[in-house]
Amino acid sequence: MKSGPYPLCQAAVLLAVVFAGSALRAASAPPPSVPDQLDLKTAVGFAVENNFSIRQARERIRQQEGVVVEVRSLEIPTVAASGLVQLNSNEISSSVPASNRTWTVNLTASQVLYAGGGVRSSVKSSQLTREAALLDLKSAINDALLSVRVAFFDVLLAREKIKVQEQNLALLQEQLKTTTDRFDAGTVSAFEKLRAGVALANAQVPLITARNDYRLAIEQLRQALGFTSNTPENLRKVPDFIGSLDYTPATYDLQAAFDAAHANRPDLQRLTLLAEAREQSVTTARSDYYPNLALVGGWQLRKGPTDSFGDSRDGLFVGLQSQWNIFDGRATTGRVIQARSALEQARLTVTETQLAVEVDVRNAYSSYQEATELADASQKVVAQAEEAVRLATARYNAGTATQLDVLQAQVDLTTARTNQVQAYYTYNVAIARLRKAMGLSDEFLTVTH
């Protein structure tokens, strides 16, 4: 796979998107309150600003920017000041005539002229690592927003299951009322009335479970968003979640998904940049084989022939300074071997990740196919199950069907409704996971080039 560096314009826009949120959040002192309504787009926007994985990735970029500044300092001149005041015996004095005191002040500037390519390669390596940190941020955003989407869909799924169980409970309550009326009229036995009551009581259990799943799903969404405000009002308040688990068929091609993943996956691009940075590290290690050369100049003030400060001597100096480790016990050779090994490991990691990406895409595509088939199969079942309940109730009222037939039809309807919302949930999650496997950004995170 051929991969180039992350486009600088896209990186700049991405940084603007994620850092703007942190700046706005820092400017507003009051903690955020739970909104009255929360839709998926708002949840995604809040997560971009507050999700902890995204915020940590931002800090890794800030850290790497510091590394770039540090390494680039080797390319520009350095200026240093030093001073010495010394009391000594006349016997060891270096001045003429001998004196028991010495002072020296130096102001020195130096500029590296040649370092075996080590400075340039170090700067290039740090820049590549910073670009890799940008891709790490993009990867963190994709992962975090996928978690937000799945958590939001979990909330919608739990809410829909509550509705299904409430509908089932309403049907069983109506069935119990009908059976009670017929029992009072003497047309059915006490057993049928008892069985209807038992069915109604049993229906309370899945409803209670569904309501608890809803509460837990909200907490999982809160964690994915990074919502940490624990005021009493926020702990009690639950927003009205806007949205539904719709089924809108979409078409994806497997080969196109592979191509998109190879071109867009930030984790794969990040590892490619790190491998390029490792290549520069080899050059940096090899630079110790060569001498370095620096231009040095400055100003010096030192003690004159007398102890009077006014008699001090000063002047400018300029020169060349070089150092060459002709033999260093093969330390440089060892560093080069390590750098080449790290480079080979990085290349192997890229190849391994390419395989993992292809497997990830294939798995996501397979899940998408399964989810599409399940959603298609579940569309007509609910209507058929509702019709079956209507016919069973009509036949029961006419005396041509038993109460067991009606209860079974109601159980089948509840199962069909549950399967449908589960299928729609699976489909929406499968689409989100497939887009993430292809390296596509969240559709609510608009990044313009």
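Structure first, text after, so check above.
Owing to the predicted nature of the structure, the values given are computational and were not obtained by experimental measurement.

(A) Quick look at the pattern of salt bridges. Under the defined criterion, the tally for this structure stands at 16 salt bridges. Where arginine 265 meets aspartate 360, a salt bridge forms, and the shortest distance between an N and an O atom there is 3.1 Å. Separated by 95 residues along the polypeptide, arginine 265 in the loop between helix H7 (254-264) and helix H8 (266-286) and aspartate 360 in helix H9 (residues 331-379) bring together distant segments of the chain. In this structure, glutamate 386 and arginine 417 form a salt bridge, with 3.2 Å as the shortest nitrogen-oxygen distance. Here arginine 417 lies in helix H11 (residues 403-437) and glutamate 386 lies in helix H10 (residues 381-398), a separation of 31 residues in the sequence. Taking the relative accessible area as the measure of exposure, arginine 417 reaches 15% and is therefore buried.

(B) A look at the sheet that holds strand S5 (residues 292-302). In spatial order, the strands read S2-S3-S5-S6; together these 4 strands make up an open sheet with antiparallel pairing. Edge positions in the sheet fall to strand S2 (78-87) and strand S6 (313-323), since each has one partner strand and no second. For this sheet, the mean inter-axis angle between neighbouring strands, taken without regard to orientation, is 20 degrees. Note that S2 and strand S3 (residues 101-114) share 10 bridges and pair antiparallel. If you follow glutamine 86 over to S3, its bridge partner there is threonine 102.

(C) Examining the pairing of S3 more closely. Here 10 bridges tie S3 to S5, and the two strands are oriented antiparallel to one another. Within S5, the residue paired with serine 110 across the bridge is valine 296.

(D) Structural detail: the packing of helix H2 (residues 40-50) against helix H3 (residues 52-72). Taken N-terminus to C-terminus, the directions of H2 and H3 make an angle of 40 degrees; their axes are 6 Å apart at the nearest point. Regarding the angle of H2 to H3, the classification is oblique. Packed against H2, whose contacting residues are Ala47, Val48, Glu49 and Asn50, the element H3 presents Phe52, Ile54, Arg55 and Arg58 at the interface. Of the residues belonging to the contact of H2 with H3, the class tally is 4 nonpolar, 1 polar and 3 charged.

(E) Local environment of H10. End to end, H10 covers 25 Å across 18 residues, agreeing with the expected 26 Å (1.5 Å per residue, within 8%). Looking at H10, one finds that the buried residues are Val382, Ala385, Val389, Ala392 and Tyr396. The arc that holds the buried residues of H10, viewed along the axis, is 85 degrees, so those residues lie on one side. In H10, the exposed positions angled more than 90 degrees off the buried face are occupied by Gln384 and Ala398. Packed against the buried residues of H10 are helix H4 (118-184), helix H5 (190-225), H9 and H11.

(F) Region of the structure containing the nonpolar core. One finds Val148, Phe152, Leu221, Phe241 and Tyr368 to be the most contacted residues of the largest nonpolar core, which totals 68 residues. Within the residue set of this core, elements represented by two or more residues are H2, H3, H4, H5, H7, H9 and H11. Setting aside its immediate chain neighbours within four residues, tyrosine 368 contacts Ala250, Thr251, Tyr252, Tyr427, Ala430, Ile431 and Leu434. Val188, Val382, Ala392 and Val406 belong to the second-largest nonpolar core, a separate cluster that totals 10 residues.

(G) Looking closely at unusual backbone geometry. One non-glycine residue, arginine 330, lies in the positive phi region at around 70 degrees. Inspection of the secondary structure puts arginine 330 in the loop between S6 and H9. For arginine 330, a relative accessible area of 58% corresponds to the exposed category.

(H) Molecular detail of the environment of alanine 43. Here alanine 43 shows up in helix H2. Here alanine 43 falls in the buried class, since its relative accessible area comes to 0%. When the C-alpha atoms of alanine 43 and alanine 224 are compared, they prove to be 9.4 Å apart, with 181 residues separating the residues in sequence. Excluding its chain neighbours within four sequence positions, the residues that come into contact with alanine 43 are Leu38, Val148, Phe152 and Leu225.

Cut-offs and rules
Residue positions are given per chain, counting from 1 as you read along its sequence in written order. In keeping with the model being predicted, local features are shown solely for residues with a pLDDT of at least 70 and side-chain atom pairs are shown and tallied solely at 80 or more, while totals for entire chains, interfaces and linings include all residues. The basis for the side-chain values is all heavy atoms of the structure; hydrogens and waters are excluded. Salt bridge, as used here, is a side-chain nitrogen of Lys or Arg placed within 4 Å of a carboxyl oxygen of Asp or Glu. Here a strand is any run of E in DSSP of at least two residues, a helix any run of H or I of at least four, and the numbering for each starts at the N terminus. The buried label goes to any residue with under 20% of its type's maximum accessible area, the exposed label to any with over 50%, and the partly exposed label to all in between, with areas taken from a 1.4 Å probe on protein chains only. At least two DSSP bridges between two strands are required for those strands to pair. Angles here are taken between N-to-C directions and fall from 0 to 180 degrees, while the axes themselves are lines fitted to C-alpha atoms, restricted in helices to the stretch in contact. For this classification, under 35 degrees means roughly parallel, over 145 means roughly antiparallel, 65 to 115 means roughly perpendicular, and everything else is oblique. Two residues qualify as a contact provided that any one of their heavy atoms is within 4.5 Å of a heavy atom in the partner residue. Polar here means any residue other than Ala, Val, Leu, Ile, Met, Phe, Trp, Tyr, Cys and Pro, which are nonpolar, and Asp, Glu, Lys and Arg, which are charged; Gly is therefore polar. In a helix, the anticipated span is given by 1.5 Å times the number of residues less one. This arc describes the spread of directions from the helix axis toward the C-beta atoms. Buried Ala, Val, Leu, Ile, Met, Phe, Trp, Tyr and Cys residues that are joined via side-chain atoms within 4.5 Å together make up what is termed a nonpolar core.

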